[in-house]
Amino acid sequence: DITVCGRNTLDIHAKGKDAWSFSISGDIGSLVDYTTVQGGQHTNQFDSWQRYTLKTDRKTASANSRRALISRETTSGARKVQSGRTQLLDTSSSSKGAPISRLRKTLSSCHFIRFKTDSASFAGSNGIFYIDGYGPVPSNCYSSSSAECELEICGTDRLVLRANTTSDAWYFSIEGDIGNLVYYDTAPGGSHYAPFPTGLDNDDFDVLQIYELTNCYTVHITTNSEWWSHATSPGPFTIDGYGTVPSSCHSSVSADCKLEICGIDDLVLRAGVTDAWAFTID
């Protein structure tokens, strides 16, 4: 897997004569331009250059690419650092190599939604359902009883779910980054069920449901065991809007913890001790 950031097209150039036959999946759109070598065949991918559009409305990137580390403050001022790299956090200017006293990291604007079709025999549907800004809900989410799927919704703070002219109801629940139901439109003569399980179709249940999406994020912090005894610290360390980082996150070389951070857009991690903590954040 390769993460491509800050672009809306993917350009692939060949530099050698030994052909590569491949396919691309993930956030790939349409092939919009290409150059075929003299005597080559585009249908067999004997091109020297190809350009594809990239999808920007939904993302399947890893946790590392969804959260960008944007700055850190050192004893000599602020400097940029790369996400996924080991960071040293303390309040000194010791010899442990560019320690930082404050780390700021932008959290993702993407939300994870899990649809769970009810186990009742009638719960699945052969209809079509849409999410505004995302597109059709994959049929494997609802085509049978007990069907489940997880979707990543980006760039919005609401989930707008619609039934597309189907009388075959989908009876389901939603988990993950889902908030309150803020609006719904029930079919004439139909019934509204809330909170979960709920129904969606064009005659018996709701035809439209709008939910808030929560801004909670799971932050994975791993103490870097390659630093051995120098990796750990007694702390304390704090996160703005969260509080004190549990000591189990930084007190041993094998420390590994996941924290749920809610209600903030930036993760600001601060040191309150001169004994540095070496770690990575996903």
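What counts, and where the lines are drawn
Residues numbered from 1 in each chain as written. Predicted model: local features only at pLDDT ≥ 70, side-chain atom pairs only at ≥ 80, totals over all residues. Heavy atoms only, no water. Phe/Tyr/Trp six-rings, centres within 6.5 Å; stacked < 30°, edge-to-face > 60°. Helix = DSSP H or I, 4+ residues; strand = E, 2+ residues; numbered from the N terminus. Buried < 20%, exposed > 50% of the residue type's maximum accessible area, 1.4 Å probe, protein only. Disulfide = S-S within 2.5 Å. Salt bridge = Lys/Arg side-chain N within 4 Å of Asp/Glu carboxyl O. Polar contact = N/O pair within 3.5 Å; in protein donor to acceptor, adjacent residues only side chain to side chain. Contact = heavy atoms within 4.5 Å.

### Thoughts on the packing of aromatic side chains
- Inspection of every chain in the model, using the stated rule, returns 14 aromatic pairs.
- Seen from their ring centres, Tyr 193 and Phe 205 are 5.6 Å apart, and the 55° between their planes marks the pair as tilted. Highlighted residues: Tyr 193 in the loop between strand S14 (178-186) and strand S15 (198-200) and Phe 205 in the loop between S15 and strand S16 (206-213), separated in sequence by twelve residues.
- Assessed through its relative accessible area of 15%, Phe 205 is described here as buried.
- Pairwise contacts between aromatic rings join Phe 115, Phe 129, Tyr 142, Trp 170 and Phe 172 into one cluster.

### Describing unusual backbone geometry
- Cis rather than trans, the peptide bond between Phe 196 and Pro 197 has omega equal to -5°.
- By secondary structure assignment, the location of Pro 197 is in the loop between S14 and S15.
- With omega at 15°, the peptide bond leading from Gly 235 into Pro 236 counts as cis.
- Tracing the sequence through the fold places Pro 236 in the loop between strand S17 (216-223) and strand S18 (237-239).
- Its identity is not glycine, yet Ser 146 carries a phi of approximately 70°, on the positive side.

### With respect to the state of the cysteines
- By the definition in use, this model includes two disulfides.
- Here Cys 141 is linked by a disulfide to Cys 149, with a sulfur-sulfur distance of 1.8 Å. With the S-S bond torsion at 105°, the cross-link from Cys 141 to Cys 149 turns out right-handed.
- The residue that forms a disulfide with Cys 249 is Cys 257, at a sulfur-sulfur distance of 2.0 Å. Between Cys 249 and Cys 257 the sulfur-sulfur dihedral comes to about 115°; the bridge is accordingly right-handed.
- Relative accessible area serves as the criterion here: at 0%, Cys 249 is assigned to the buried category.

### Observations concerning the pattern of salt bridges
- Evaluated as defined, the whole model comprises four salt bridges.
- When the shortest N-O distance is used, the salt bridge between Asp 132 and Arg 162 registers 2.8 Å. Here Asp 132, found in the loop between strand S9 (129-131) and strand S10 (135-136), pairs with Arg 162, found in strand S12 (residues 158-163); they are 30 residues apart in sequence, far enough to count as distant.
- Of the charged contacts, one joins Asp 240 and Arg 270 as a salt bridge, the two residues approaching to 2.8 Å between their closest N and O atoms. Of this pair, Asp 240 sits in the loop between S18 and strand S19 (243-244) while Arg 270 sits in strand S21 (residues 266-271), and the two are 30 residues apart along the sequence.
- Accessibility expressed as a relative area gives 29% for Asp 240, which makes it partly exposed.
- Taking the relative accessible area as the measure of exposure, Arg 270 reaches 33% and is therefore partly exposed.

### As for the side chain of Ser 125
- Within the secondary structure layout, Ser 125 lies in the loop between strand S8 (110-117) and S9.
- Residue class for Ser 125 comes out buried when judged on its relative accessible area of 3%.
- At 2.9 Å, the side chain of Ser 125 forms a polar contact with the backbone nitrogen of Gly 127.
- Excluding anything up to four places from it in sequence, Ser 125 contacts Tyr 142, Ser 143, Thr 166, Asp 168, Ala 169 and Trp 170.

By themselves, these are just geometric observations and shouldn't be taken as functional.
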